[in-house]
Amino acid sequence: MTALVGRARRRAVALSLAATLAACAAGPRIDTRYSAVSQDSRVRFIIVHFTQMDEAGSLHRLTREEVSSHYLVGREPPTIWRLVPEERRAWHAGPSYWRGATALNASSVGIEIVNLGNGDVAGAPYQAFPEAQIEAVVALVRAVAKRHGVAPDRILGHAEVQPQTRNDPGPRFPWRRLAEAGLIPWPDAAQVAAAAGHWRAALPSAAWWQERLAAHGYQVPRSGELDGETRRVLAVFQMRYRPERYDGEPDAETAALLEVVTTPGGLQLRRPDGHWAAFTAE
Ligand SMILES: [Zn+2]
């Protein structure tokens, strides 16, 4: 009798333990009948990179090492691999900064593009991107931006959010194509031409360059001198807007571009009907 009671009790305890474990695994019951109107995606940025290595190397590195991206766009054919789900964090942007926002891995989708960059040789020419690969990137950026409501001025290159240590996606990445596709804002050409005429007479001061580069979004020193770090940020700006020359040297055209992108009404966004309209940042 005693033995039977003992067995029954042990069995009851075992059953209740099993039920508790099952409940823990499933978690508490959640009622999802109500949904808040005040919510948005955690994805606020899209960051574009090149891998600086071939396709096999890129796939291995981004899936087996301590670095990753949500997407990898191949070269020929431009297969789009999804390596990390968009709702999870990929490790692609490191200690990054844009307009006061930091650690952008937490709030971005990272897109890596298979491209050899400029190899390991400083000053070496950069590899071009095949047309089909750019079309794949444009389609992917469009889809991700739409899905998460990413503002057009938050679609950035890795170098822009980490200018002192990165140069990707480099001067051959055609940002202008993304502008023509209506994905990012672009400086109004007439305003740039007018401003360049003004700056040809005398270039702005170092403090002006630093103030405007910071206003645009970059992390830049405020030393009042055109030091190495400031020139590096300037070169990154040139890679995007004036890729024919990205030596980080201040010149009238770069001053004009920077003035226009940091002046209200200077940036334009191409609408689906093909017309360009003034772009206002959020
Ligand atoms: Zn990168």
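Each remark here, short or long, concerns the structure printed above.
We now turn to the structure provided with this report. Keep in mind the model is a prediction, meaning the values are calculated, not measured.

1. As for the pattern of salt bridges
Here the structure, examined in full by the defined rule, presents 12 salt bridges. In this structure, Glu160 and Arg240 form a salt bridge, with 2.7 Å as the shortest nitrogen-oxygen distance. A residue pair is termed long-range when its members are at least 10 positions apart, and Glu160 in helix H4 (residues 158-161) and Arg240 in helix H8 (residues 228-241) qualify at 80 residues. The pair Glu160 / Arg240 is uniform in exposure class, with both members buried. Through salt bridges with shared partners, a single network forms among Arg242, Arg245, Asp247, Asp251 and Glu253.

2. Some remarks on the packing of H8 against helix H9 (residues 252-261)
Interaxial distance between H8 and H9 falls to 11 Å at its minimum, and their mutual angle equals 80°. Accordingly, the angle class assigned to the pair H8 and H9 is roughly perpendicular. Contacts from Leu234, Phe237, Gln238 and Tyr241 of H8 reach H9 at Thr254, Leu257, Leu258 and Val261.

3. A word on the coordination of the zinc ion
Four donors placed tetrahedrally around a metal ideally meet at 109.5 degrees, and six donors placed octahedrally ideally meet at 90 or 180 degrees. Binding of the zinc ion to the protein goes through His49 (ND1), His158 (ND1) and Asp168 (OD), at separations of 2.0 to 2.1 Å. Donor residues binding the zinc ion come from one chain and are separated in sequence as H-x108-H-x9-D. Taken together, the residues span a long stretch of sequence, with His158 in helix H4 and Asp168 in the loop between H4 and helix H5 (175-180) at a distance of 10 residues.

4. Here's the deal with the side chain of Gln210
You can see Gln210 is positioned in helix H7 (residues 206-216). Since its relative accessible area comes to 1%, Gln210 is described here as buried. At a separation of 3.0 Å, a polar atom in the side chain of Gln210 contacts the main-chain carbonyl oxygen of Glu225. In this structure Gln210 touches Val220, Pro221, Arg222, Ser223, Gly224, Glu225, Asp227 and Thr230, once residues within four positions along its chain are discounted.

5. Remarks on the packing of aromatic side chains
Summed over all chains, the structure comprises 10 aromatic pairs. The interplanar angle of 45° and the centroid separation of 6.2 Å between the aromatic rings of Phe50 and Tyr126 together place this pair among those described as tilted. Of this pair, Phe50 sits in strand S1 (residues 45-50) while Tyr126 sits in the loop between strand S6 (108-113) and helix H3 (131-148), and the two are 76 residues apart along the sequence. The interplanar angle of 75° and the centroid separation of 4.8 Å between the aromatic rings of Phe173 and Trp175 together place this pair among those described as edge-to-face. Here Phe173 and Trp175 have matching classes, each one buried. Ring pairing ties together the aromatic residues Trp98, Trp186, Tyr218, Phe237 and Tyr241, which thus form one cluster. Over the ring of Trp175 we find Arg240, and its NZ or CZ is 4.2 Å from the ring centre.

Cut-offs used in this document
Residues numbered from 1 in each chain as written. Predicted model: local features only at pLDDT ≥ 70, side-chain atom pairs only at ≥ 80, totals over all residues. Heavy atoms only, no water. Salt bridge = Lys/Arg side-chain N within 4 Å of Asp/Glu carboxyl O. Helix = DSSP H or I, 4+ residues; strand = E, 2+ residues; numbered from the N terminus. Buried < 20%, exposed > 50% of the residue type's maximum accessible area, 1.4 Å probe, protein only. Axes fitted to C-alpha atoms, helices over the stretch in contact; angles between N-to-C directions. Parallel < 35°, antiparallel > 145°, perpendicular 65-115°, else oblique. Contact = heavy atoms within 4.5 Å. Donors = N, O, S within 2.8 Å, 3.2 Å for Na, K, Ca; no water. Polar contact = N/O pair within 3.5 Å; in protein donor to acceptor, adjacent residues only side chain to side chain. Phe/Tyr/Trp six-rings, centres within 6.5 Å; stacked < 30°, edge-to-face > 60°. Lys NZ or Arg CZ within 6 Å of the ring centre and 35° of its normal.

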